[in-house]
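Structural overview
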Amino acid sequence: MSNNQSLSAPYPEVRASVSNIDDPSMPVLTFRMWIIGLSLCSISTALNTFFNFRFPAPTIAPLVLLLLSHPLGKFGAYILPIKKYHLPHWLGSYEFSFNPGPWNIKEHVCVFLMANVSVKPAYAINAVVVTEVFYKVKLGVGFDLTLILATQLTGFGIAGFVRRFLVWPGSMIWPQNLVACTLLNTLHAEDETIISAPCSISRYKFFMLASAAAFAFYFLPGFLFQALSIFSYICWMAPNNVVVNQLFGVRSGLGLGILTFDWSQISFIESPLMVPWWAQVHVILGFILFYWIIAPILYYSNVWNLSHLPMVSSIPYDNTGSHYNVSRIMSGAQPTFNATAYADYSPLYLPATYVIGYLLAIALSTCVLTHTILHHGRSVINNIRNVSVEEDDVHAKLMRHYPEVPNWWYATCVAFFFSVAVLSIKIWPTGMPIWSLCLAVMLPVIYILPSGFIYAFTGQTVTLNLIAEVIPGALLPGNPLANMIFKAYSVQSLAGALCFVQDLKLGHYLKTPPRASFLVQLVATILACFTQVGVKTWLFANVHDLCSVNQKDLLTCPRNEVMFTASAVWGLIGPARQFGRHAIYGPELYALIFGAIIPLPFWLYRQRFPDSKLPCINMPVFLNGPSRIPPATGINYSSWFAVGFVFQYLIRTRNFAWWSKFNYILSAALDSGTGLSICAVFFFLQFPAGGVSLNWIGNTIFTHTADWELKPFIPPSSTPF
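A few points on the structure. For clarity, every value in this text was computed on a predicted model and none was experimentally measured.

**Overview of the overall build of the protein chain**
Scanning the protein chain for helices and strands turns up 30 helices and four strands. With the C-alpha coordinates aligned to their principal axes, the bounding extent of the protein chain is approximately 80 × 65 × 60 Å. Across the 721 residues that make up the protein chain, the buried fraction comes to 56%. In the protein chain, once contacts between residues fewer than 6 apart in sequence are set aside, the share between residues at least 24 apart is 80%. Roughly 29700 Å² of accessible area belongs to the protein chain as shown, and the carbon and sulfur atoms make up 66% of that amount. Side chains of the protein chain carry 38 positive and 29 negative charges; the gap between the two charge centres is 3 Å.

**Examining the side chain of Asn 636**
Mapping Asn 636 onto the fold places it in helix α28 (residues 634-654). Within the structure, Asn 636 has its side chain in polar contact with the backbone nitrogen of Thr 633 (distance 2.9 Å). Once residues within four sequence positions are removed from consideration, Asn 636 is found in contact with Gln 265, Ile 266, Phe 268 and Ile 269.

**Some details on the pattern of salt bridges**
Applying the stated criterion across every chain yields a total of eight salt bridges. The closest approach of N and O atoms between Asp 144 and Lys 536, which form a salt bridge, is 2.8 Å. Pair noted here: Asp 144 is in helix α6 (residues 141-160) and Lys 536 is in helix α22 (residues 514-542), with a separation of 392 residues, a long-range link. We note that Asp 144, like Lys 536, is buried. In this structure, Lys 487 and Glu 469 form a salt bridge, with 2.6 Å as the shortest nitrogen-oxygen distance. Of the two residues, Lys 487 sits in helix α21 (residues 480-509) while Glu 469 sits in helix α20 (residues 465-475), which places them 18 residues apart along the sequence.

**Remarks on a nonpolar patch on the surface**
On the surface, Phe 217, Leu 220, Leu 224, Ile 258, Leu 259, Phe 261, Leu 694, Trp 696 and Ile 697 cluster together to form a nonpolar patch covering roughly 760 Å² of accessible area. Here the nonpolar patch gets three residues from one element, more than from any other, and that element is helix α10 (residues 203-224). Note that Leu 220 resides in helix α10. For Leu 220, a relative accessible area of 32% puts it in the partly exposed group.

**Focus on the state of the cysteines**
Applying the stated rule across the entire model yields one disulfide. Here Cys 547 is linked by a disulfide to Cys 557, with a sulfur-sulfur distance of 1.9 Å. Residues Cys 547 and Cys 557 are joined by a disulfide whose S-S torsion is about -75 degrees; by sign, that bridge is left-handed. In this pair, Cys 547 sits in the loop between α22 and α23 (558-573) while Cys 557 sits in the loop between α22 and α23, placing the two residues 10 residues apart along the sequence. Each of the two residues, Cys 547 as well as Cys 557, counts as buried.

**A few points about the nonpolar core**
In terms of nonpolar packing, the biggest core is built from 190 residues, with Tyr 135, Leu 166, Leu 183 and Leu 623 touching the most fellow members. Considering every element that reaches this core, the biggest residue donor is α21, with 17 residues. What Leu 166 contacts, discounting residues up to four positions off in sequence, is Met 172, Trp 174, Ile 448, Leu 449, Gly 452, Phe 453, Val 501 and Lys 505.

**What to know about the packing of helix α2 (residues 31-51) against helix α4 (residues 105-118)**
The N-to-C vectors of α2 and α4 enclose an angle of 25 degrees; their axes lie 9 Å apart at closest approach. Taken together, α2 and α4 sit at an angle that is classed as roughly parallel. Judged by the sense of rotation from one axis to the other, the crossing of α2 with α4 is right-handed. Here Arg 32, Met 33, Trp 34, Gly 37, Leu 38, Cys 41 and Thr 45 of α2 come into contact with α4, specifically with Glu 107, Cys 110, Val 111, Met 114, Ala 115 and Ser 118.

**Description of the packing of aromatic side chains**
Under the criterion given, the structure shown has 46 aromatic pairs. Ring geometry for Tyr 358 and Trp 570: centres 5.7 Å apart, planes at 90 degrees, overall edge-to-face. Taken together, the positions of Tyr 358 in helix α16 (residues 352-384) and Trp 570 in helix α23 put the pair 212 residues apart, joining distant regions of the chain. Trp 570 matches Tyr 358 in its accessibility class, with the two residues each being buried. Here Tyr 605 and Phe 609 contribute two aromatic rings whose centre-to-centre distance is 5.1 Å and whose plane-to-plane angle is 45 degrees, an arrangement assigned as tilted. Classification of Phe 609 as partly exposed rests on a relative accessible area of 40%.

**Let's talk about unusual backbone geometry**
The phi angle at Trp 174 is positive, at roughly 55 degrees, despite the residue not being glycine. With respect to the helices and strands, Trp 174 occurs in the loop between α7 (163-166) and α8 (175-187). For Trp 174, a relative accessible area of 0% puts it in the buried group. One non-glycine residue, Leu 710, lies in positive phi territory at about 55 degrees. Tracing the chain through its elements places Leu 710 in the segment after α30 (697-700).

**Some points on the side chain of Glu 107**
Relative to the assigned elements, Glu 107 resides in helix α4. In this structure the side chain of Glu 107 is engaged in a polar contact, spanning 2.7 Å, whose partner is the side chain of Arg 32.

**So, the environment of Val 14**
As for its placement among the helices and strands, Val 14 is situated in helix α1 (residues 12-15). Since its relative accessible area comes to 2%, Val 14 is described here as buried. Once the C-alpha coordinates of Val 14 and Tyr 605 are considered, the two residues, 591 residues apart in sequence, prove to be 30 Å apart.

**As for the environment of Ala 468**
Within the element layout of this structure, Ala 468 appears in helix α20. According to the relative accessible area criterion, Ala 468 is buried, its value standing at 0%. Discounting residues that sit within four places of it in the chain, Ala 468 has contacts with Asn 483, Phe 486, Lys 487, Ser 490 and Val 491.

Conventions and cut-offs
Residues numbered from 1 in each chain as written. Predicted model: local features only at pLDDT ≥ 70, side-chain atom pairs only at ≥ 80, totals over all residues. Heavy atoms only, no water. Helix = DSSP H or I, 4+ residues; strand = E, 2+ residues; numbered from the N terminus. Buried < 20%, exposed > 50% of the residue type's maximum accessible area, 1.4 Å probe, protein only. Contact = heavy atoms within 4.5 Å. Areas by Shrake-Rupley, 256 points an atom, 1.4 Å probe, with all protein chains shown as cover. Lys, Arg positive; Asp, Glu negative; His and termini not counted. Charge placed at Lys NZ, Arg CZ, Asp CG, Glu CD. Polar contact = N/O pair within 3.5 Å; in protein donor to acceptor, adjacent residues only side chain to side chain. Salt bridge = Lys/Arg side-chain N within 4 Å of Asp/Glu carboxyl O. Patch = residues over 30% accessible without salt bridge, like charges linked within 9 Å, V, L, I, M, F, W, Y side chains within 5 Å. Disulfide = S-S within 2.5 Å. Core = buried A, V, L, I, M, F, W, Y, C linked by side-chain atoms within 4.5 Å. Axes fitted to C-alpha atoms, helices over the stretch in contact; angles between N-to-C directions. Parallel < 35°, antiparallel > 145°, perpendicular 65-115°, else oblique. Left-handed = near helix turned anticlockwise from the far one by under 90°. Phe/Tyr/Trp six-rings, centres within 6.5 Å; stacked < 30°, edge-to-face > 60°.

Here it is, written out as structure tokens:
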């Protein structure tokens, strides 16, 4: 079968990464898989929850667990008894073994599926922390657990209903899964049977060498010579020239310098070796238009007083150019909005990149719906009617050997965890009505397909952050807790659904039984919820001055501060004062109309001239690509595209054989080596006994620039602007 080209996947990226053979006899839900997977996930989610409160801190990524689980699996296959055991008749007379054979790729992918859905701290945990620390409202462990379980697992149920649209069709590539597939196939020594490559070195050896090199090299930009990461070399020559620093800077500039030698900077938005070339072109063109052209025009024209603020920043400001002090507009034991204090203090001002970011988010909210209706509407309707819209590829045919998960399993998840969400808002005094919770879950239901199509084609995520802040801010004014719960439920349900769908596609590619994928995802996520609540509860009980600025162990809660600011802005101040008819940023609402209309002319042109040689313009990707700013900055985009141009265009077109064998494994190696090195630098150099630092020009030169100091074009003054 592997030699029959007609049974290969139709896309070269998939053929280069995914095996088109399967062994249905491979054991999957083995004892060692459960022990290794649940142990690693419990430890990593506990550590990541702890790191969520600290700055600086690393993140233990799923890819690290994929690497760690491989030697553990092989060790388990070596030491566990091979003997078979028979369960009694009243337990079904099943036969099982602690060691059913060699550690295999399907066990390995199940561990990776667990890691993908469990290691990242729950989005709702930020809402819980903000409620206790900043609003001084303590609702207890029961509220924490029910809220986090509901927000983490409602999306799991939603994911099951879009499999026929986002998982089963071969055209749904999911580029990020190709990296994982390549790495898993490489570790299990299947790559040489997948591709007969002209290069003598094997993928496995190439991966080990590249990841070791990435591990060693990161010590330069990450510790020894940090200027290689913050490589604002033009700013070093003119450190006090604000305009030069704003255009070429790395921290608060637009990244026109392009260069950085830190892979974590280059891959901040996604690995450039993973995103397809056509999508990268869309992203960089959108970035250039909105951030290299429109943003400077608005900024240096002082529209909305932008020149008084830094060009790039992720925090709001007041009318003196200082950080906005949210506490000055709150009053009461359970803080509420104080209109008099607000009028005496200042409106809230946003930096230029924030203004552009909101503009893009507003336009994207309608653009993605119009685009989906025009380009995917017919196929969605046909899929609902069970009319085939494309022929099954080889992977879909091989997956027919395994029973599919019934829809009622997923429906049960939605019903049960939505009920848990209802309990969380009714038993505890949240001030959030049930109808608003229904609206919160409707948003991910509406956006799951539009977002999923973009994610599956490009590797770019579409989030609901802005919509999920504006809607409760307008409907439930003056209630920041309800605003946070609404946002957490909407944002996490969509993000979780997309993550679960991505994992289902990964299991599809690697021929993992769908019911096994369902079970490992569900169990790992539930365990992670309990673990995260336990870690949070322990920290609150045992750490003094948690989340304070001068906390001695650096547990300052930077991510929670961002959630607090957003809840105050949208839950207290409200969207009417920011985007209302006579508000500062009111004109940005016209982007709703622009977003709804802009896909239409490109679609009409393609319908009128289907054979045109002009490339098809995908407006949601064009608008969504640059939307990672903030927290990303210009250098994350310019350097990302430069590397993508080399690998996804030059090498792919000039040496496709090398690209097909090594591109995705190189991406995995750079991610793995750099991720492990970041952890090593933190745990062995920065964390123990206050940390070790090197004070020399290579680690300080970038700190003496206007870029690093976030200087605005118009110097700050005590007189309000």
